[in-house]
Amino acid sequence: MELKNKKWTHDEFNAIRKEVLTHWPTGSEVNFEEAVKYHENIPAKRHFAKRLVKAKNNGETLTQPRAGVALIDEHINLLNFLKNEGEADLLPSTIDSYTRQNQYKEAQNGIEESLKAGRSLLNGFPAVNHGVKGVRRVVESVDAPLQVRHGTPDARLLGEITIAAGYTSYEGGGISYNIPYAKSVSLERTIYDWQYCDRMIGLYAEHGVEINREPFGPLTGTLVPPSVSHAVAVIEGILAAEQGVKNITLGYGQCGNLVQDIAAIKALEQLADEYMAKHGYNDTVLTTVFHQWMGGFPQDEAKAFGVISWGAAAAALAKATKVIVKTPHEALGIPTKEANAQGLRTTKQMINMLKDQSFPMTKELEIEINMIKAETRCILDKVFELGNGDYAVGTVRAFEAGVLDVPFAPSKFSLNKILPARDNNGAVRLFDVGNLPFTPDIVAFHKDKMNERAKAEGREASFQMVIDDIYAISKGNLVGRPR
Ligand SMILES: CC[C@H]1O[C@@H](n2cnc3c(N)ncnc32)[C@H](O)[C@@H]1O
């Protein structure tokens, strides 16, 4: 396996496809030509890419939950409930943890145990085991655009089955579904396997079927600085575009300071346009997704609604194309369908009240946008240099050098040298920039911001601040002030 950021030939792809489709018996149900025909009969309003483009053109912020249960009928009921009672614009199928680890035998047990117990004993929808035929029952029973949401390092068979079954969007990427989701799977392996997924979707595009791809923006969802998640998002967007993907949604996880979050979405849009054009991907349609707070939530449901509302407000004011919605059960676990629908309605109310308002381009906002762009460019350009012009190779080397570094990542391939913490206004800064290739003025900016808070709190900027900030929101605050 030689990793390079170059579009695979049909022969290269088909040689591997033969083997991928043997990973579980349901792989034999995949027939590409038949699947292309099936997609041709999916009405436009159930087509993820088309719905996103319409929202971008209309300035809408669409709502989308996470949701997935073990059995097909219950999963259909759940999705229709979230559409009808939750007013969701877009629907997921969140895949279970066994499937995410390619443990299809265990997933099969989970299905059988769920049948016996009469309730879902899996934390998501085991699409590989249900196969093309079973997943098509979902596609034909839910009148909304459907996306596969998961956290799968090797997502090749899952992609083959769900896209052949009629799903029109696929989340994930070789970095964003490795670093936060795996301990010791190499980046070479997952970037290569995700090139397969992207090439598969490029193949559908060559046959007139446009499938949306969405790299996983938030990464570890724990105080990830915008420039770190943007660098990964833009790289995954470029890797997907190289394999022929034409419709890409780049994402960002809410940090909590409104100016920084709005700036992050604006900067992400501008960076994505800039780097896609710079590398010659001029026919790729780009949209954005804002994830409501991905860190620890308050147990108290009323306070959880406060966090959800704040995420909805930031997404609306940032004019993100879509927002991924949390629920008042976030601190407890998998939400009931009622709680999930409540999170959606809360979000919808906020978006509707804010859609006729816009956040002014203040000096503060402009500074934040420019800072995020400058930081992200430092990282992206260093990755490109390390890879001698190849972002795939450059990414592997960048993680080895700490040029890319994701805070609190389980992966042994992330140096975990950087330390984020909030400044006195709650924006996420870097208390320790680790080996990030920032210019001295950027390093000084972060230092000044941390010292400003240290002075206000009468304590040294320290690792304790990082810990305090990790728990702050679940304890009812934003900044982890000393007790
Ligand atoms: C990325 C982590 C997020 O995904 C959510 N999540 C994971 N599995 C499910 C699920 N099966 N149904 C609803 N939400 C889910 C979880 O609550 C957390 O907000």
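See the structure shown above.
Residues numbered from 1 in each chain as written. Predicted model: local features only at pLDDT ≥ 70, side-chain atom pairs only at ≥ 80, totals over all residues. Heavy atoms only, no water.

Asker: So what exactly am I meant to see when it comes to the overall build of the chain here?
Answerer: Each helix and strand counted, the chain has 17 helices and 10 strands in total. The C-alpha atoms of the chain give 21 Å as radius of gyration, which agrees with the globular expectation for 483 residues (23 Å, within 12%). Dimensions along the principal axes, computed over C-alpha positions, put the chain at roughly 65 × 50 × 40 Å. Taken as a whole, the chain presents about 18000 Å² of accessible surface, with 51% of it coming from carbon and sulfur. Taken as two groups, the 55 positive and 59 negative side-chain charges of the chain have centres that lie 2 Å from each other. (Helix = DSSP H or I, 4+ residues; strand = E, 2+ residues; numbered from the N terminus. Rg over C-alpha atoms; globule rule 2.2 N^0.38 Å. Areas by Shrake-Rupley, 256 points an atom, 1.4 Å probe, with all protein chains shown as cover. Lys, Arg positive; Asp, Glu negative; His and termini not counted. Charge placed at Lys NZ, Arg CZ, Asp CG, Glu CD.)

Asker: So what exactly am I meant to see when it comes to the pattern of salt bridges here?
Answerer: In a structure, side chains of opposite charge can pair up when their charged atoms sit close to one another. Here the structure, examined in full by the defined rule, presents 32 salt bridges. Between Lys 326 and Glu 330 there is a salt bridge, with its nearest N and O atoms 3.2 Å apart. A relative accessible area of 6% means that Lys 326 is categorised as buried. Ionic contacts of the salt-bridge type, sharing partners, join the residues Arg 453, Glu 457, Arg 459, Asp 468, Asp 469 and Arg 481 into one network. (Salt bridge = Lys/Arg side-chain N within 4 Å of Asp/Glu carboxyl O. Buried < 20%, exposed > 50% of the residue type's maximum accessible area, 1.4 Å probe, protein only.)

Asker: Is there a simple way to explain the packing of aromatic side chains in this structure?
Answerer: For any pair of aromatic rings, the description consists of the separation of the ring centres together with the inter-plane angle of the planes. Enumeration over the complete set of coordinates arrives at 12 aromatic pairs. Geometrically, the ring pair formed by Trp 24 and Tyr 104 is tilted, given 5.8 Å between the ring centres and 55° between the ring planes. Here Trp 24, found in the loop between α1 (10-20) and α2 (32-40), pairs with Tyr 104, found in helix α6 (residues 104-117); they are 80 residues apart in sequence, far enough to count as distant. The residues Trp 24 and Tyr 104 share a single accessibility class, namely buried. Every member of this aromatic cluster is reached through a ring pair, and the members are Tyr 170, Tyr 177, Tyr 181, Trp 194 and Phe 216. (Phe/Tyr/Trp six-rings, centres within 6.5 Å; stacked < 30°, edge-to-face > 60°.)

Asker: Explain the pairing of strand β2 (residues 91-94) to me, please; I cannot follow it from the model alone.
Answerer: Residue alternation in β2 divides its side chains into two sets, Leu 91 and Ser 93 and Pro 92 and Thr 94, and both sets are buried. Bridge count for β2 against strand β3 (residues 146-149) is 4 bridges, and the pairing is parallel. Looking at β3, one finds that Pro 92 is bridged to Gln 147. (Pairing = 2+ DSSP bridges.)

Asker: Sorry, what's going on with the pairing of strand β6 (residues 247-253) here?
Answerer: Judged by how many residues are buried, β6 sits mostly within the fold: 7 of 7 residues are covered. Residues Asn 247, Thr 249, Gly 251 and Gly 253 point to one face of β6 and Ile 248, Leu 250 and Tyr 252 to the other, with burial holding for every one of them. Where β6 and strand β7 (residues 285-291) come together, 7 bridges link them in parallel fashion. Bridge assignment links Leu 250 to a residue of β7, and that residue is Thr 288. At this point the chain moves from β6, through helix α11 (residues 258-278), to the parallel β7, and the crossover so formed is right-handed. (Right-handed = clockwise from strand over helix to strand, strands pointing away.)

Asker: Help me out: how do you make sense of the side chain of Thr 63 in this one?
Answerer: Mapped onto the elements, Thr 63 comes out in strand β1 (residues 62-64). Thr 63 sits in the buried class, given a relative accessible area of 0%. The contacts of Thr 63, once residues within four sequence positions are left out, are Glu 87, Ala 88, Asp 89, Leu 90, Val 323, Val 325, Leu 344, Thr 347, Lys 348 and Ile 351. (Contact = heavy atoms within 4.5 Å.)

Asker: Can you walk me through the site of the ligand in this structure?
Answerer: All residues adjacent to the ligand are Arg 66, Ala 67, Gly 68, Thr 94, Asn 123, Met 294, Lys 326, Glu 330, Ile 334 and Pro 335. Gly 68 places a main-chain nitrogen or oxygen 3.0 Å from a nitrogen atom of the ligand. Glu 330 is positioned with one of its side-chain polar atoms (N or O) 2.7 Å from an oxygen atom of the ligand. Residues belonging to the shell around the ligand are distributed by class as follows: 4 nonpolar, 3 polar and 3 charged. (Near = heavy atom within 4 Å. Polar contact = N/O pair within 3.5 Å; in protein donor to acceptor, adjacent residues only side chain to side chain. Nonpolar A, V, L, I, M, F, W, Y, C, P; charged D, E, K, R; others polar.)

Asker: What exactly am I supposed to notice about the side chain of Ser 411 here?
Answerer: Examined against the element boundaries, Ser 411 turns out to sit in the loop between α15 (391-401) and β9 (419-422). What makes Ser 411 buried here is its relative accessible area of 1%. Contact partners of Ser 411, with chain neighbours within four places excluded, come to Asn 178, Ile 179, Ala 182, Lys 183 and Asn 416.

Asker: Whenever I open this one, the environment of Gly 221 confuses me. Can you help?
Answerer: The residue Gly 221 is located in the loop between β5 (212-214) and α10 (226-242) in this model. Relative accessible area serves as the criterion here: at 10%, Gly 221 is assigned to the buried category. With 44 residues separating them in the primary sequence, Gly 221 and Tyr 177 have C-alpha atoms 13 Å apart. Beyond its immediate chain neighbours, meaning those up to four positions away, Gly 221 contacts Met 294 and Gly 295.

Asker: Sorry, what's going on with the state of the cysteines here?
Answerer: By definition, a disulfide links two cysteine residues through a covalent bond between their sulfur atoms. Scanning the model with the defined rule gives 0 disulfides in all. Here Cys 255 is not disulfide-linked; the sulfur of Cys 378 is the nearest cysteine sulfur, at 18 Å. On the basis of relative accessible area, Cys 255 is assigned to the buried category, the value being 2%. What makes Cys 378 buried here is its relative accessible area of 16%. (Disulfide = S-S within 2.5 Å.)

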